[in-house]
Amino acid sequence: MVIDTLKCVGCSDCVVACQTENDVPTGYCRDWVTESVTGTYPEVDIELRSERCNHCDNAPCVRTCPTEASHIIEGGIVLVDRDLCIGCGACIESCPYDARYRHPDLGVVDKCTFCVHRVKKGQDPACVSVCPTNCMYFGDLDDSNSKVAQLLAERKYKVLDKEAGTSPNVYYLI
Amino acid sequence: MKEEIFISGRNIPHIDPHLSIWEFPISLYLFLGGLSAGILLFSAFTHLLNKDEELKGTSKWAPLIVPFALAIGLLALIIDLGNPLYSWKLYTTIRLESPMSWGAWVLLIVTPLSILWVFSDLRKLFPKLDYTKLPFLFKVEDFCVKYKKQMALALIPLTIILGIYTGILLSAFNARPLWNNAILGPLFLVSGLSTAAATIILFAKSAHERHLFSKIDVLLIVIELGLIIHLIMGYYAGNEMQVEAVKILVGGDLTTLFFGFFVALGLLLPLVLEVFELMGYKVPVVVPAILIIVSGLIFRVLMVEAGQITRILY
């Protein structure tokens with residue numbers, strides 16, 4: 001996933017779309033918007049980022065899961081198998097992005113799935129499809145003709161918590 | 001200057017403003033796991049050195065509490081799960097990368113072993129016990145007595161793994177800079193052994209046994225203090241996140257608890273008291289022993305809580 005921080009206006013539509021699409025329990029969210037302010041007034045710089053699970057290549061949640069409930073499917077999406085999850089919380093502790101929570105009713109760990117049920121049908125994740133500024137792009141980074149691969153080839157970008165060594169797959173254009 | 005806020009109104013229970021996924025039950029479990037591991041380790045060594053009769057508190061009495069401690073610890077652990085009825089799924093796989101996985105397996109072996117270990121001597125401690133109505137218990141007892149040496153040999157590596165695992169469980173998370181310190185494993189092991197030695201002092205059946213374990217405990221506390229210095233130095237020698245994380249223990253909200261209650265009242269004071277006692281001064285041994293045991297629990301509560309407050313900065 002590629003997100004253009006220069007186009008994001010921080011409207012939180014992505015958050016609401018996700019909550020509606022995925023039946024996220026009230027008071028919880030799988031994605032959120034962060035406003036990052038650097039500098040000292042009047043020389044300030046504001047960056048808006050829609051954040052979520054980074055579906056890392058080297059996912060610490062998958063590493064620390066004792067039951068193999070957290071796993072990576074073909075294509076790179078990190079998912080939680082609800083039939084295997086015991087809700088121990090090891091993955092929540094291991095996630096540098098705090099992108100996971102315990103589902104209050106089910107006890108299992110829940111997080112962004114990149115709307116895998118939509119992706120399998122050829123649709124974009126709910127957050128991407130609803131974004132009013134079209135600041136989010138979803139696609140296959142291994143395919144050099146895809147929009148996401150082209151954006152990363154043309155623009156400057158960053159990932160979050162690079163130092164954590166997780167090889168995250170959500171890229172922010174800056 | 002850099003400041004970040006959530007503008008979409010994120011306030012997830014137990015996640016924001018900082019994690020509180022693991023609470024007191026986990027700390028209690030880490031404490032009881034370390035304590036049990038220590039007592040069994042000392043007991044196994046006593047047996048292998050043929051000192052069972054000389055050190056009855058260590059070989060027979062103190063281990064009595066281990067099955068109960070492990071049972072309470074396991075119960076606390078299971079209560080803390082989001083999905084307790086599915087806890088058996090821990091045993092559908094072995095994942096060496098996940099400390100919780102192999103820790104769960106070690107517990108699965110150590111818990112029944114601890115029951116057999118206690119059972120082998122149970123009738124010596126309580127002569128009125130009568131198994132005649134349940135004759136198979138005689139066979140179990142025979143089995144336990146016959147294979148006691150093998151059990152001791154198995155317990156030594158297993159209890160060391162159990163003791164060290166309580167620390168590694170936390171240090172395996174690089175997302176929590178205060179936990180992500182390699183010293184935490186050895187520190188939890190030594191702290192567990194120290195609380196075990198203190199417990200054995202309470203159970204000691206002779207002045208000789210009490211003094212022996214006072215000496216062992218003095219040595220363990222000195223090692224523990226060394227490891228704590230090493231731990232703090234490790235943070236300061238670390239990256240920005242670790243330097244930031246250690247502020248919570250040095251100068252931050254938990255300083256009094258860490259240095260006041262744990263280091264001063266829980267390690268230094270009992271160290272001095274035990275040394276005085278060994279020098280021949282009259283000190284009620286219960287005092288340093290209880291201080292050590294309580295501070296062991298405080299230390300774990302503190303580390304579990306503090307670690308979840310610290311995070312990677314981006």
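That block above? That's the structure.
Residues numbered from 1 in each chain as written. Chains lettered and ligands numbered in written order. Predicted model: local features only at pLDDT ≥ 70, side-chain atom pairs only at ≥ 80, totals over all residues.

A. Representation of the nonpolar core. Ile3 and Met136 of chain A together with Ile39, Leu40, Ala197, Ile200 and Ile201 of chain B are the most contacted members of the largest nonpolar core, which totals 132 residues. Per element, the largest residue contribution to this core is 13 residues, and it comes from helix α1 (residues 24–48) of chain B. With sequence-adjacent residues up to four places away left out, Ile39 of chain B is seen in contact with Ala62, Pro63, Val66, Ala196, Thr199 and Ile200 of chain B. (Core = buried A, V, L, I, M, F, W, Y, C linked by C-beta atoms within 7 Å. Buried ≥ 20, exposed ≤ 12 C-beta atoms within 10 Å, placed from the backbone. Helix = DSSP H or I, 4+ residues; strand = E, 2+ residues; numbered from the N terminus. Contact = placed C-beta atoms within 7 Å.)

B. Representation of the sheet that holds strand β1 (residues 2–4) of chain A. Residue and element names in this part refer to chain A. An order of β8-β1-β10-β9 is seen for the four strands of this open sheet, with the pairing classed as mixed. Of all the strands in the sheet, just β8 (136–137) and β9 (157–158) have a single pairing partner and so form its edges. Sheet analysis places β9 next to strand β10 (residues 171–173), joined by two bridges and oriented antiparallel. Bridging from a neighbouring strand, Lys158 pairs with Tyr172 of β10. (Pairing = 2+ DSSP bridges.)

C. Structural detail: the sheet that holds strand β1 (residues 2–6) of chain B. Across the sheet, which stays open at both edges, the three strands sit in the order β3(A)-β2(A)-β1(B) with antiparallel pairing between neighbours. With one partner strand each, in any of the chains shown, β3 (43–51) of chain A together with β1 of chain B form the two edges of the open sheet. Across the sheet, the mean angle separating the axes of adjacent strands is 20 degrees when strand polarity is ignored. (Axes fitted to C-alpha atoms, helices over the stretch in contact; angles between N-to-C directions.)

D. Quick peek at the interface of chain B and chain A. Contact residues are listed per partner, giving 38 residues for chain B and 42 residues for chain A. Among the secondary structure elements, those contributing two or more residues to the side of chain B that touches chain A are β1 and α4 (99–119) of chain B. Looking at the side of chain B that touches chain A, the element that brings in the most residues is β1 of chain B, giving five residues. The residue inventory of the side of chain B that touches chain A, partitioned by class, reads 20 nonpolar, ten polar and eight charged. As defined by bridge partners, strand β2 (residues 32–40) of chain A adjoins β1 of chain B across five bridges and the pair is classed as antiparallel. By the bridge assignment, Thr34 of chain A is partnered in β1 of chain B with Phe6 of chain B. (Nonpolar A, V, L, I, M, F, W, Y, C, P; charged D, E, K, R; others polar.)

E. Geometry of helix α1 (residues 13–21) of chain A. Residue and element names in this part refer to chain A. Those residues of α1 that sit buried are Cys14, Val15 and Cys18. All buried residues of α1 lie within an arc of 100 degrees about the axis, which places them on one face of the element. Taken together, the buried residues of α1 touch β2, β3, α5 (126–130) and β8. Looking one or two residues past α1, Asp23 carries a phi angle of roughly 55 degrees, positive in sign. (Arc of directions from axis to C-beta.)

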